[in-house]
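# Structural characterization, general
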Amino acid sequence: MDVSQRYREAWEGFWSATSDAPGEAIWDADPSLSSVPHSELLLPYADASLPVVDLGCGNGTQTRYLATRFPRAIGVDLSHAAIAHARRADPDRVAEFAQLDLVDSEAVAALHERIGDTNVYMRAVIHQSEAEARPAVAAAVATMVGERGRAFVAELTPASKDVLQQVAQGPDGPPEKLRRVLDHGLKPASATEEEVPHLLRAAGLTTLAGGETALAQTEYLPDGTRIDLPARWFVLAASAAVG
């Protein structure tokens, strides 16, 4: 199975049109607001001697931080343009980056074969994936963690769609960074409330911890308030490993 050509082109178009400046993508939050606190939630459950794979790494901002907490950090993304951004932003090569379609189960299995069981970081990937591809994305998490790894997954809830709609309906229309997302046909927060936990369970993953959170964005309201989007987080393990 592969993602649709439309979806692939939407992401290539978005990243090709995005500059290398930090924070240019609306979700490209500083690690202090993202992978730093997320790592603190994951690490009590994880074997920190294992590598970590950042699924849907974008321009690699979070991957580079994860490389300071794990012995090896690998960022993968569907978009070739995103991976090019990530490599340019990492001249010291603290992390590794590669193009990967998470829906391509053979390619995901091949990555697992190369590096073994690994911890996984995945922030806001399922919610914007095409509906028919979401089970495969969840399955990719399960493949990568294997028996020994643990995963941190954070996904936007439908309440985020309400926030974004309110932001887009301001007197000047959507702010620039949100407009770029919408102009490229990307659809944030399109998964239902129960869909994400159901997909994770169906992929053979057990939730070890979880809760409500908000994913910080790099766009602000006219009054200077940062846009934070409602989300849920999960720390996961293979069901067979904890059963």
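Small disclaimer: the values here were computed from a predicted structure and weren't measured. (Residues numbered from 1 in each chain as written. Predicted model: local features only at pLDDT ≥ 70, side-chain atom pairs only at ≥ 80, totals over all residues. Heavy atoms only, no water.)

When helices and strands are counted, the protein shows 10 helices and seven strands. Taking 2.2 N^0.38 as the reference for a compact globule, 243 residues should give roughly 18 Å; the C-alpha atoms of the protein span a radius of gyration of 17 Å, in line with that estimate. Across its three principal axes, the protein shows a C-alpha extent of roughly 50 × 40 × 35 Å. Counting only residues that meet the buried cut, the protein has 52% of its 243 residues in that class. Taking all contacts inside the protein whose residues are at least 6 apart in sequence as the whole, residues at least 24 apart take part in 71%. The positive charge centre, built from 21 side chains, and the negative charge centre, built from 34, are 2 Å apart in the protein. (Helix = DSSP H or I, 4+ residues; strand = E, 2+ residues; numbered from the N terminus. Rg over C-alpha atoms; globule rule 2.2 N^0.38 Å. Buried < 20%, exposed > 50% of the residue type's maximum accessible area, 1.4 Å probe, protein only. Contact = heavy atoms within 4.5 Å. Lys, Arg positive; Asp, Glu negative; His and termini not counted. Charge placed at Lys NZ, Arg CZ, Asp CG, Glu CD.)

Attention now moves to helix H4 (residues 80-88). Listed as buried for H4 are Ala81, Ala82, Ile83, His85 and Ala86. For H4, the elements touching its buried residues are helix H1 (5-16), helix H3 (61-66), strand S2 (73-77) and strand S3 (96-99). The N-cap of H4, judged by a side-chain oxygen 3.2 Å from the amide nitrogen of Ala81 a few residues on, is Ser79. (Polar contact = N/O pair within 3.5 Å; in protein donor to acceptor, adjacent residues only side chain to side chain.)

This brings us to the packing of helix H6 (residues 134-145) against helix H9 (residues 195-202). Any two packed helices are characterised by how steeply their axes cross, that is the angle between the axes, and by the distance between the axes. Contact geometry of H6 with H9 gives a least axis separation of 8 Å together with a crossing angle of 55 degrees. Overall, the two elements H6 and H9 adopt an arrangement that is oblique. H6 and H9 meet at a crossing whose hand is right-handed. For the pair H6 and H9, the contacting residues are Arg134, Pro135 and Ala138 in the first and Glu195, Leu199 and Leu200 in the second. For the contact of H6 with H9, the per-class residue count stands at four nonpolar, no polar and two charged. (Axes fitted to C-alpha atoms, helices over the stretch in contact; angles between N-to-C directions. Parallel < 35°, antiparallel > 145°, perpendicular 65-115°, else oblique. Left-handed = near helix turned anticlockwise from the far one by under 90°. Nonpolar A, V, L, I, M, F, W, Y, C, P; charged D, E, K, R; others polar.)

This part covers the environment of Ala154. Note on placement: Ala154 falls in strand S5 (residues 151-156). Put simply, Ala154 and Asp30 are 124 residues apart on the chain and 16 Å apart in space, counted from C-alpha to C-alpha. Apart from the residues within four sequence positions on either side, Ala154 is in contact with Met122, Arg123, Ala124, Leu215, Arg232 and Trp233.

Ordered by their spatial adjacency, seven strands build an open sheet running S3-S2-S1-S4-S5-S7-S6, and the pairing between neighbours is mixed. Looking at the sheet topology across the chains shown, the edges are occupied by S3 and strand S6 (205-220). On average, each strand axis in the sheet is inclined to that of its neighbour by 20 degrees, with strand direction left out of account. Pairing geometry for S6 and strand S7 (residues 226-238), over 12 bridges, is antiparallel. By the bridge assignment, Tyr220 is partnered in S7 with Arg226. Each of strand S1 (52-55), strand S4 (119-123), S5, S6 and S7 is contacted by H6, which is oriented at about 155 degrees to S4, the strand it contacts most. (Pairing = 2+ DSSP bridges.)

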